[in-house]
Amino acid sequence: MGRLTTAGVHVAGVTKSFGDVEVLHGVSLSVQAGRMLALLGPSGCGKTTLLRIIAGLERPDAGTVVVGEHVLTDGRQVVPPERRHVGMVFQDWALFPHLSVAANVAYGLRKLPAAETKERVADALAMVGLAELADRSPETLSGGQQQRIALARAIAPRPSVLLLDEPFSNLDAALRGQVRTEVHHLLAALGITTIFVTHDQEEAFVLGDDVAVVRGGRIVQQAAPTAVYARPADRWVAEFVGDANLLPGQAQGGSASTVIGPITLEAEHHGPVDVLVRPEELRIVADVAGGAQVELVEFYGHDTVSLVRLAEGTLLRVRTPGAPVAARDERVELTFAGDGAVAYPR
Ligand code: ATP
């Protein structure tokens, strides 16, 4: 499988309104060549609009889009989509049901001589593992295979950047995880710069080398998934990426006193704060004299999630490895077992 010639993407100050409503408010982001960036945000936050601006399908009111050395969008010009060397996979895949798999893939290569088209189609289908199915109709194939056709069609013109809009939302839940791993594997082997849109935190974390969290037409944080998870830019991001317990506390320098005892902070604070404690950073100790009580137990196989009510009323989510350590209604003590926690001043 060949690697494609790829390039970094730099977006700066992109603004876009539809009618009187501004949906992107000066968005900037960068993806290095060969990396995967997830645009993660709730429905309606502007992710798809941003992707369409990078693809050249939408014209921004202001701002620039640069791919490698090429300025594709700026105040004066917008290079049309077909001249951008940017491949796009649409949310619904947009396959032509009356055309064969090969003809679908050839669709983006209309200007090339027949022999070269044939070679490119064969290459692209081989890359996605569909060479044997070239003559079939897409409708006769599984969801995962149809998605790979869409991917083959996007990479056949040998783009330097790939854009994917909600790439797995068309697949049912049972298939999604498996197809996601296949596509991840394939894109990692291709080494092509990829920007994909998702509202699913797990998908963003699993596939993204970096995650740009979008909220209300702004990027509120762009960082590696581990950094976004461990040090969310604000409370909203903390709660959007994974489960978050926000414990009220009183900070005195590098530590905060909270209802479950003192918690070491990763930065110094003073005064009232909310301390971010992830469920897996808490430990449950069964203790008949404990001040907390287990209200609900959910066993997932690899781990257990317990909802634990503290004496003063707060309900915390706790994730412990393996089987439950305490049953519903049992009294327990909770302890913080993380490293330094992030705190948000109140
Ligand atoms: P979703 O996941 O629901 O698609 P999104 O984050 O991708 O959400 P966008 O599709 O970019 O969000 O839409 C952002 C906002 O812009 C929404 O309020 C949407 O209704 C509006 N919008 C998008 N495209 C158009 C359009 N062509 N005309 C008018 N409004 C639009």
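Let me sum up the structure you'll find in this document. These figures come from a predicted structure and were not determined experimentally.

## Here's the deal with empty space enclosed by the protein
- Going through the model one piece at a time under the given rule, you end up with two cavities of 30 Å³ or more.
- Taken as a whole, the largest cavity spans an internal volume of roughly 40 Å³.
- Residue lining of the largest cavity: Arg-120, Asp-123, Ala-124, Met-127, Ile-155, Ala-156 and Arg-158, and that is the complete set.
- If you tally residues by element for the lining of the largest cavity, the top one is helix α3 (residues 114-127), at four residues.
- Of the residues that constitute the lining of the largest cavity, the class distribution is four nonpolar, no polar and three charged.
- Approximately 30 Å³ is the volume found for the second largest cavity.
- Taken together, the residues that form the lining of the second largest cavity break down as five nonpolar, one polar and no charged.

## Here's the deal with the nonpolar core
- Counting residues in each nonpolar core, the largest one holds 47 residues, and the members touching the most others are Val-105, Leu-125, Leu-151, Leu-162, Leu-187, Val-211 and Val-228.
- Residue contributions to this core peak at six residues, all from helix α4 (residues 143-155).
- With residues near it in sequence (within four places) discarded, Leu-125 still touches Val-101, Ala-102, Val-105, Leu-130, Ala-131, Ala-134 and Ala-152.
- Grouped together as the second largest cluster of nonpolar side chains are 28 residues, Val-11, Leu-37, Leu-39 and Val-161 included.

Cut-offs used in this document
- Residues numbered from 1 in each chain as written.
- Predicted model: local features only at pLDDT ≥ 70, side-chain atom pairs only at ≥ 80, totals over all residues.
- Heavy atoms only, no water.
- 1 Å grid on protein atoms, 1.4 Å probe; cavity = no way out; pocket = protein on both sides within 12 Å on 5 of 7 lines; lining within 4 Å.
- Points joined across faces, edges and corners; volume = space filled by probe spheres on them.
- Helix = DSSP H or I, 4+ residues; strand = E, 2+ residues; numbered from the N terminus.
- Nonpolar A, V, L, I, M, F, W, Y, C, P; charged D, E, K, R; others polar.
- Core = buried A, V, L, I, M, F, W, Y, C linked by side-chain atoms within 4.5 Å.
- Buried < 20%, exposed > 50% of the residue type's maximum accessible area, 1.4 Å probe, protein only.
- Contact = heavy atoms within 4.5 Å.

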